[in-house]
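A look at the structure
What follows is each chain in one-letter form.
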Amino acid sequence: MSPRQITVLGECVADAFAEPASTSSELALRVLPGGGPANTAVALARLGTPARFLARLSGDVFGRLFRTHLEASGVDLSSAVRAAEPSTLAVAELDDQGQAAFSFHAQNTADWQWTAEELARVDLSETTCLHTGSLALVREPGAAVVEDFLATAAAGRTISIDPNVRPLLVHPDVYRARLAHWCALADVLRLSEDDLELLLPGTQPEQACDTWHAAGARLVVITRGADGVLASLDGERIQVPAVPTAVADTVGAGDSFTAGLLHHLGARGLLGGRLSELRLDDVAEACRFAVQVAALTCSVAGPNPPWQSRLAQLATADHA
């Protein structure tokens, strides 16, 4: 069964990485298109899912870079807004393990200025799943508009949310205050163990899953880096190990995991409603696929998810 369209709503951010400069008195930055929702849309398209990206893309130098990158990956930008505001910039510093710490330049940038009129023009009739999260759900003035859009879309589509907490830009209390409402809207909640610690400090992952199930989310997936994945479907739980890989950095790994999960479920016709046909075996299979996608993203620099052909090559090698 061929996958139906997945629509992703959210930001595209210019991720700037420090590079060796010619003198000690200057700093060279290598800029790559990033941002959690944009990374997820790119990964979905590269995996073969028809992926549409609802974004407000600036006309500045970064916005032009975003458009080129997204379109080259096969992402549908027909509903993207041509925004007058500047793009959001994130400067990343990598530690010895390839983990990135970001500083953001995001005041009054294009990504957060959604209006009800802009989203009212969006046709979701071909969309089987709507995915969003990260800063689009918490940055004003657009956050409330996005939440209203999700509530309307939920009538006929699977809703997927990744909180992707960014405490340097928005205090975790803002996420905590809205999370129960998001769970009431969401069928799938995917977050990292870092997100868990920021949202529910000191809480065991299993207890957190039960809290979010009670609030409405059917499928909760917590990614734990090298420790693999915990997935909980209405309280039934499985753990899936990570795929060993030589890590260049972890930028975009969680976004790629989400894309792998949704792609796998969508390709099997399991998206499009409240996940009523979903079983724990389906979740396990989708998570095993998604950790492969995330591992390949970690093996290269920056948010650069794999193409379907790369996964096909690995599958062939494994069966050789």
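Above this text sits the structure in question.
What counts and how
- Residues numbered from 1 in each chain as written.
- Predicted model: local features only at pLDDT ≥ 70, side-chain atom pairs only at ≥ 80, totals over all residues.
- Heavy atoms only, no water.
- Helix = DSSP H or I, 4+ residues; strand = E, 2+ residues; numbered from the N terminus.
- Rg over C-alpha atoms; globule rule 2.2 N^0.38 Å.
- Buried < 20%, exposed > 50% of the residue type's maximum accessible area, 1.4 Å probe, protein only.
- Core = buried A, V, L, I, M, F, W, Y, C linked by side-chain atoms within 4.5 Å.
- Contact = heavy atoms within 4.5 Å.
- Pairing = 2+ DSSP bridges.
- 1 Å grid on protein atoms, 1.4 Å probe; cavity = no way out; pocket = protein on both sides within 12 Å on 5 of 7 lines; lining within 4 Å.
- Points joined across faces, edges and corners; volume = space filled by probe spheres on them.
- Nonpolar A, V, L, I, M, F, W, Y, C, P; charged D, E, K, R; others polar.
- Axes fitted to C-alpha atoms, helices over the stretch in contact; angles between N-to-C directions.
- Patch = residues over 30% accessible without salt bridge, like charges linked within 9 Å, V, L, I, M, F, W, Y side chains within 5 Å.
- Areas by Shrake-Rupley, 256 points an atom, 1.4 Å probe, with all protein chains shown as cover.
- Salt bridge = Lys/Arg side-chain N within 4 Å of Asp/Glu carboxyl O.
- Lys, Arg positive; Asp, Glu negative; His and termini not counted.
- Charge placed at Lys NZ, Arg CZ, Asp CG, Glu CD.
- Phe/Tyr/Trp six-rings, centres within 6.5 Å; stacked < 30°, edge-to-face > 60°.
- Parallel < 35°, antiparallel > 145°, perpendicular 65-115°, else oblique.
- Left-handed = near helix turned anticlockwise from the far one by under 90°.

1. Some thoughts on the overall build of the protein chain
Within the protein chain, the secondary structure is distributed over 10 helices and 14 strands. Its C-alpha radius of gyration of 18 Å places the protein chain within 12% of the 20 Å reference for a compact globule of 320 residues. With respect to the principal axes defined by its C-alpha atoms, the protein chain has extents near 55 × 50 × 40 Å. Expressed as a percentage of its 320 residues, the buried residues of the protein chain come to 56%.

2. Details of the nonpolar core
Phe53, Leu70, Phe257, Leu261 and Cys287 are the most contacted members of the largest nonpolar core, which totals 48 residues. Examining the composition of this core, we find that 8 residues originate from one element, helix α9 (residues 280-298), more than from any other. Every residue in contact with Leu70, bar those within four places of it in the chain, is listed here: Cys12, Ala38, Val42, Phe53, Leu57, Val75 and Leu77. Counting 41 residues, the second largest nonpolar core, distinct from the first, contains Val81, Ile161, Val170 and Val220.

3. Here's the deal with the pairing of strand β13 (residues 229-233)
Counting buried positions along β13 gives 5 out of 5 residues, so the element sits mostly inside the fold. Bridge analysis of strand β12 (residues 219-223) against β13 gives 5 bridges, and the strand direction is antiparallel. Looking at β13, one finds that Ile222 is bridged to Leu230. Counting the residues between successive antiparallel strands, the hairpin from β12 to β13 contains 5 residues, one of them, Gly225, with a positive phi of roughly 60°. Strand direction decides the pairing type here: β13 and strand β14 (residues 236-240), joined by 5 bridges, are antiparallel.

4. Details of empty space enclosed by the protein
On inspection of all chains with the given rule, the structure shows 1 cavity of 30 Å³ or more. Within this model, the largest cavity holds a volume of roughly 40 Å³. Residue lining of the largest cavity: Gly36, Pro37, Thr40, His131, Thr132, Gly133, Ser134, Asp162, Asn164 and Asp255, and that is the complete set. Of all elements in the fold, only α1 (36-47) and β9 (127-133) reach the threshold of two or more residues within the lining of the largest cavity. Its residues placed into classes, the lining of the largest cavity shows 1 nonpolar, 7 polar and 2 charged.

5. Focus: the sheet that holds β13
Taken together, 8 strands build an open sheet; the order of strands is β4-β1-β9-β10-β11-β12-β13-β14 and the sheet is mixed. The open sheet has two edge strands, β4 (51-54) and β14, and neither has a second partner. For this sheet, the mean inter-axis angle between neighbouring strands, taken without regard to orientation, is 15°. In this sheet, strand β10 (residues 158-162) lies alongside β9 in parallel orientation, the contact comprising 5 bridges. Across the sheet, Cys129 pairs through a bridge with Thr158, a residue of β10. Strand contacts of helix α8 (residues 253-267): β1 (5-9), β9, β10, β11 (188-192), β12 and β13, with the helix running at about 155° to β11, the strand carrying the most contacts.

6. Section: the sheet that holds strand β7 (residues 88-94)
Strand order in the open sheet formed by 4 strands is β3-β2-β7-β8, and the pairing between neighbours is mixed. The open sheet has two edge strands with one neighbour each: β3 (28-34) and β8 (100-105). Sheet twist, expressed as the mean angle between neighbouring strand axes with direction ignored, is 30°. Note that strand β2 (residues 13-19) and β7 share 5 bridges and pair parallel.

7. Focus: the pairing of β4
Of the two faces of β4, both are covered, the one formed by Ala51 and Phe53 as well as the one formed by Arg52 and Leu54. Direction of pairing for β1 relative to β4: parallel, over a ladder of 4 bridges. Counterpart to Ile6 in the pairing with β4 is Ala51.

8. Observations regarding a negative patch on the surface
On the surface, Glu193, Asp194, Glu197 and Asp227 cluster together to form a negatively charged patch. You can see Asp227 is positioned in the loop between β12 and β13.

9. Brief notes about the packing of aromatic side chains
Enumeration according to the criterion identifies 1 aromatic pair in this entry. When the centroid spacing of 6.2 Å and the interplanar angle of 90° are considered together, the rings of Tyr175 and Trp182 count as edge-to-face. Side by side, Tyr175 and Trp182 carry an identical accessibility label, which is buried.

10. Some points on the side chain of Thr223
Here Thr223 lies in strand β12. Once you skip the residues sitting within four places of it in the chain, Thr223 turns out to touch Arg190, Leu191, Ser192, Glu193, Gly228, Val229 and Phe257.

11. Details of the packing of α1 against α8
Viewed as axis vectors pointing N to C, α1 and α8 meet at an angle of 45°, and their least axial separation amounts to 8 Å. Put simply, α1 runs oblique to α8. Relative to α8, the crossing made by α1 is right-handed. Residues Gly36, Asn39, Thr40, Ala43, Leu44 and Leu47 of α1 form the contact with α8, whose own contacting residues are Asp255, Ser256, Thr258, Ala259, Gly260, Leu262 and His263.

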